[in-house]
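An overview of the molecular structure
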Amino acid sequence: MGDRLLNSEANTKRIAFVEQCFGSSGQPLAISNRALIGEGVLLKMCRKKLKPRQFFLFSDILVYGNIVISKKKYNKQHIMQLDNMRLQSLPDDDINSLYNGWQIISPSKSFTIYAATLNEKMEWMAHINHCIYALVTKHGSKSSVLDPSPVWIPDSEANACMHCQRSEFNVINRRHHCRKCGIVCCKTCTSKRWLLPQQSSKPLRVCLTCFDKLSAQSNPMIVTRVPEGNYGNKETAGNYANADTSGEDTSDSDSGTVDEKSDGPTTFYEGSNRR
């Protein structure tokens, strides 16, 4: 990325416009030495189906959100650091008609996205990898202390609990995701919680197998065993009263009127060339 883009008035205006589109619900994005490299609509694999999300690639972060009004208003802003991110290309899936996909993998969140064309996919991956390389070159090696978050298995791929393989899902028996391995489980098999600080400040659902593994790796004196619907005594309840109890990915939910048919070309800005 050249200084021409970084120090340009156009870059400043573009970032200010992105902040305006997210409004007061979004975080400030304009900081020194940050450039907006490109933006566009990609399909993100959510729990139930693919959904369009607006993505913004900056020189040090990846930002995405729900599209309320195309190119005018977004909500549910998510910010991901690039220096601990890696990408994994996916082969085309003819059976499910899924093409031009890749996974974004990081400690805080991991998921699958799809571009409209192969060229668009390659452009996105190349620009993201270039930004990651530039950050690593400038600041040193990426941190490998934290494990990556799992890519959640879509609800549609599991008619029964993938842990016990007995409990079938229906309107009453809901699907839940293990936040450690990403499999789809029943309520009983995800009745435990574990603090995964790279994902949340609150204990999250984990399957019984992952809970046992995490317990074995931890000091038994500080293991937190929190069964479904029971947060222990009053002191303990205070710590977990707001814990995630559903396993929902909040970015999958749509508040307000959301433009689910949004589409538009990806734009990478002049001066953000990869060489």
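No experiment lies behind these values; they were computed from the predicted model shown.

Criteria and thresholds
- The numbers attached to residues start from 1 for each chain and follow its sequence in the written order.
- Only residues with pLDDT of 70 or above have their local features reported here, since the model is predicted, and side-chain atom pairs are shown and tallied only from 80 upward, although totals for entire chains, interfaces and linings are computed over all residues.
- As a rule here, side-chain values cover all heavy atoms of the structure and leave hydrogens and water aside.
- Secondary structure elements are taken from DSSP: a helix is a run of H or I of four residues or more, a strand is a run of E of two residues or more, and numbering for both begins at the N terminus.
- Remark: exposure states derive from per-residue accessible area (1.4 Å probe, protein chains only) relative to the maximum for the residue type, with buried under 20%, exposed over 50%, and partly exposed in between.
- When checking whether two residues touch, look at their non-hydrogen atoms; a contact exists if any pair is within 4.5 Å.
- Every accessible area reported is derived by Shrake-Rupley at a probe size of 1.4 Å, with residue values counting cover from the shown protein chains alone.
- A helix is expected to reach a length of 1.5 Å times the quantity of its residues less one.
- Directions drawn from the helix axis to the C-beta atoms are what define this arc.
- Here, strands pair whenever DSSP counts at least two bridges between them.
- The set of buried Ala, Val, Leu, Ile, Met, Phe, Trp, Tyr and Cys residues whose side-chain atoms join them within 4.5 Å is what this entry labels a nonpolar core.

**Things to note about the overall build of the chain**
Helices and strands together make up the secondary structure of the chain, namely five helices and 12 strands. Going through the 275 residues of the chain one by one, you find that 47% of them count as buried. Long-range contacts, defined here as pairs at least 24 residues apart, represent 56% of the contacts in the chain between residues at least 6 apart. Summing over all exposed atoms, the chain offers an accessible surface of approximately 14,900 Å²; the carbon and sulfur share of this is 50%.

**Focus on helix α2 (residues 9-22)**
Each α-helix winds once per 3.6 residues, and so residues spaced three or four apart point in a common direction. The terminal C-alpha atoms of α2, which comprises 14 residues, lie 21 Å apart, in line with the 20 Å expected from a rise of 1.5 Å per residue. Turning to α2, its buried residues number three or more, namely N11, I15, V18, C21 and F22. Here the buried residues of α2 occupy an arc of 120° about the axis, which is enough to place them on one side. Opposite the packed face of α2, turned more than 90 degrees from it, sit the exposed residues E9, T12, K13 and Q20. G23 sits one or two residues past α2 and shows a positive phi near 65°.

**Some details on the pairing of strand β3 (residues 61-69)**
Across the nine residues of β3, eight count as buried, placing the element largely inside the fold. With five bridges connecting them, strand β2 (residues 50-58) and β3 associate as antiparallel partners. Its bridge partner being in β3, F55 is matched across the sheet by Y64. Linking β2 back to β3 in an antiparallel pair, the connection comprises two residues. The pairing of β3 with strand β4 (residues 73-81) spans seven bridges and is antiparallel. Looking across to β4, one finds that Y64 is bridged to H78. Taking the residues between adjacent antiparallel strands as the criterion, β3 and β4 are bridged by three residues, where K71 takes a positive phi near 65°.

**A look at the nonpolar core**
By size, the foremost hydrophobic cluster in this structure holds 38 residues, and its most contacted members are L82, M85, W102 and I104. Take this core: its biggest share by element is six residues, from helix α3 (residues 118-139). With sequence-adjacent residues up to four places away left out, I104 is seen in contact with L62, M80, M85, R86, L87, K109, S110, F111 and I113. Counting residues in hydrophobic clusters, the runner-up holds 17 residues, among them I183, L196, V206 and L214.

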